Amino acid sequence: MKEKQDAKVTAPSLTGRVGGGSFKYFPHTEEDLQEMLKTVGVSSVHDLFADIPEAARFGRDYNLPQALSETDLRLFFEQLTAPFNTQQLICFAGAGCYDHYAPSVVQNIIQRSEFLTSYTPYQAEISQGTLHYIFEYQSMIAELTGLDISNASMYDGATATAEAAMMAWDNAKKATRLLVAETVDPKVRRVVDTYAHFHGVPIQLIPAKNGSLDREVLDQELAAGGVAGVIVQQPNYFGIIEDYTGIADAVHSQKGLFVINANPSDLAILKTPAEWGADVAVGEGQSLGIPMTYGGPGVGYMACTEKLMRKLPGRIVGQTLDNRGQRAFVLTLQAREQHIRRQKATSNICSNQSLMALYVTIYLSIMGREGLREVAEMSYAGAHSLRDKLIASGKFKDTFPGQPFFNEFCLDYDGDLDTLLEVATECGYLAGVKVGEHTLMLAVTEQRTPEEIDELCEILGKVNQ
């Protein structure tokens, strides 16, 4: 934790500016103050306290410690209560679920009454709050992915990917198979396989080479024809940033769809799916501030080109004008019956993860472009620092030499990996995910401090000495 410093903080002036200066959380502007003072008939805030004798007023400087950021303040109180609470492990694990910071204000805003409309908002006149934030969610996802339109969220990233697979198959005319990269998260692939099995869709796995998609095999399969689509992940399951240049053109030459499962938090820095030429972008939105909460709930996002928007499953909210000319929001493009008449529906997903979509919307609106970029940069820098230090210890080596990665990476350990993880857990650290007999995958987010990285390296370095 950062060392606290005592600082002299001057008492606020009674004639002070509430709407500016240091008081950034006060809503009143200087104009608001002057209007209120005029209404009560005084010239300044100081006049409101004229009856209080000077001798009774606090005129000295406040002797307060320096202000802490929200994350530092949370850490301060966690350390105060640590002796009395159940141990919470410091998380260096990822594999699809990440320990990201979320501003505390999110939890308060999601409880506002206008967002608590129950069930699906068919009746627009009583569901404007819900419809409004879904519309904003869609707009933000479209901006993150670079694609034209987003739906109103899916159950999670795995089912969103499976829906994209079925969307590609439905869009194909004479396809005989769907190609899925081996570098897609195995958990996601299992859900895709389940959907495909019951829809009669043949799935063909494209193998990995040094942790990334084997382009030679992919090119061969595309040249053979009959491909409905190709599904890849960015960054891939092993954390590697892959180069998908040219894949979209090759897939489109076969009349197929190019689907990218992307971590939305990383899109603050990485090329968007649209820039890779993707027709559909899907993924898990948990990295956009949603707490890990033992693995769920998450929120699946799904966006596509305008050409495919009528094949997009789930809800889509549009903006219109009411009979008074005011902006209003409604469910659009798809009739309710599409989701009831199973035999004619593109998908039978009817509800959406509305609460989680709201959470993501508020998180994105608070963090903004700069905040998202800062999160991505801190995660990237922390991961590279941890990797370099572990390799320098002599006990680890790079699983995929020369491959670029973002905030997650794999290392091979020369000892008993289960013992290593057990020792780390006893010391208060969740030191990654075991993805092979001797392969450990670690993830770093902006939540992890340099001190935690150093301590983890020290703990792992002492195992089996």
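A quick note: this is a predicted structure, and the numbers were derived from the prediction, not measured. Per chain, residues are indexed from 1 in the order of the written sequence. Only residues with pLDDT of 70 or above have their local features reported here, since the model is predicted, and side-chain atom pairs are shown and tallied only from 80 upward, although totals for entire chains, interfaces and linings are computed over all residues. The basis for every side-chain value is the complete set of heavy atoms in the structure, and neither hydrogens nor water enter the calculation.

## Structural notes on the side chain of D214
Tracing the sequence through the fold places D214 in the loop between β8 (212-213) and α7 (215-224). For every residue, the accessible area obtained with a 1.4 Å probe (protein chains only) is divided by the maximum for its type, and the residue is called buried under 20%, exposed over 50%, and partly exposed between those limits. We score Asp and Glu as negative and Lys and Arg as positive, and we do not count His or the chain ends. A pairing counts as a salt bridge when a side-chain nitrogen of Lys or Arg comes within 4 Å of a carboxyl oxygen of Asp or Glu. Here D214 sits buried without a salt bridge, and the closest side chain of opposite charge, K209, lies 5.1 Å off (N-O distance). Setting aside residues no more than four positions away along its own chain, D214 makes contact with I206, P207, A208 and K209. For the purposes of this entry, the term helix denotes a DSSP run of H or I that reaches at least four residues, the term strand denotes a run of E that reaches at least two, and both are numbered from the N terminus. Note on definitions: a residue-residue contact is assigned when non-hydrogen atoms from the two residues lie within 4.5 Å.

## Examining unusual backbone geometry
Omega for the bond connecting Q234 with P235 falls within 30 degrees of zero, at -20°, which places this linkage in the cis form. Mapping P235 onto the fold places it in the loop between β9 (227-234) and α8 (247-253). Residue P297 is reached from G296 by a cis peptide bond, and omega for that bond is 0°. For A95, which is not glycine, the phi dihedral falls at a positive 55°. Summarising the element assignment, A95 is placed in the loop between β3 (90-91) and α3 (105-109). A95 sits in the buried class, given a relative accessible area of 11%. The phi angle at K255 is positive, at roughly 65°, despite the residue not being glycine.

## Section: the side chain of D279
Note that D279 resides in the loop between β10 (257-262) and β11 (280-284). Among buried Asp, Glu, Lys and Arg side chains, D279 stands out as unpaired, with K307 the closest opposite charge at 7.1 Å. Any N or O atom pair separated by 3.5 Å or less is treated as a polar contact, with the protein-specific requirement of one donor-capable and one acceptor-capable atom, and with residues adjacent in sequence counted only for side-chain atom pairs. At a separation of 2.7 Å, a polar atom in the side chain of D279 contacts the main-chain amide nitrogen of F258. When near neighbours in sequence (up to four residues on either side) are disregarded, D279 contacts L147, H252, G256, L257, F258, A303, C304, T305 and L308.

## Focus: the nonpolar core
Residue types Ala, Val, Leu, Ile, Met, Phe, Trp, Tyr and Cys, when buried and joined through side-chain atoms within 4.5 Å, form a set referred to as a nonpolar core. V230, F258 and V280 are the most contacted members of the largest nonpolar core, which totals 84 residues. For this core, the element with the highest residue contribution is helix α9 (residues 354-392), accounting for 11 residues. What fixes the domain bounds is an automatic or database domain assignment. Looking at which domains feed residues into this core, each of domain 1 (90-101 + 370-462) and domain 2 (104-362) supplies at least three. Ignoring sequence-local partners within four residues, the contact set of V230 consists of L179, L218, L222, V251, L257, F258 and V259. L390, F409, L421 and Y429 belong to the second-largest nonpolar core, a separate cluster that totals 24 residues.

## Some thoughts on the packing of aromatic side chains
Aromatic rings in a pair are described by how distant their centres are and how their planes are angled relative to each other. The pairing test for Phe, Tyr and Trp rings, Trp by its six-membered ring, is centres within 6.5 Å, and the orientation test on the planes gives stacked under 30 degrees, edge-to-face over 60, and tilted for anything in between. For the coordinates displayed, the defined rule picks out 12 aromatic pairs. A centroid spacing of 5.1 Å and a plane angle of 35° characterise the contact between F396 and Y413, whose relative ring orientation is tilted. Of this pair, F396 sits in strand β15 (residues 396-398) while Y413 sits in strand β16 (residues 408-413); the two residues are 17 residues apart in sequence, bridging distant segments of the chain. By the burial criterion, F396 is buried, and Y413 matches it. Their ring planes at 50° and their centres at 5.4 Å tell us that F405 and F409 sit as a pair that is tilted. Assigned by exposure class, F405 and F409 land together as buried. One aromatic cluster is present, built from ring pairs that chain together Y237, F238 and F400. Positioned over the ring face of W276 is K271, at 3.9 Å from the centre of the ring. Geometrically, a lysine NZ or arginine CZ counts as sitting over a ring once it is within 6 Å of the ring centre and also within 35 degrees of the ring normal.

In short, the description is geometric, and any link to function would need to be established separately.
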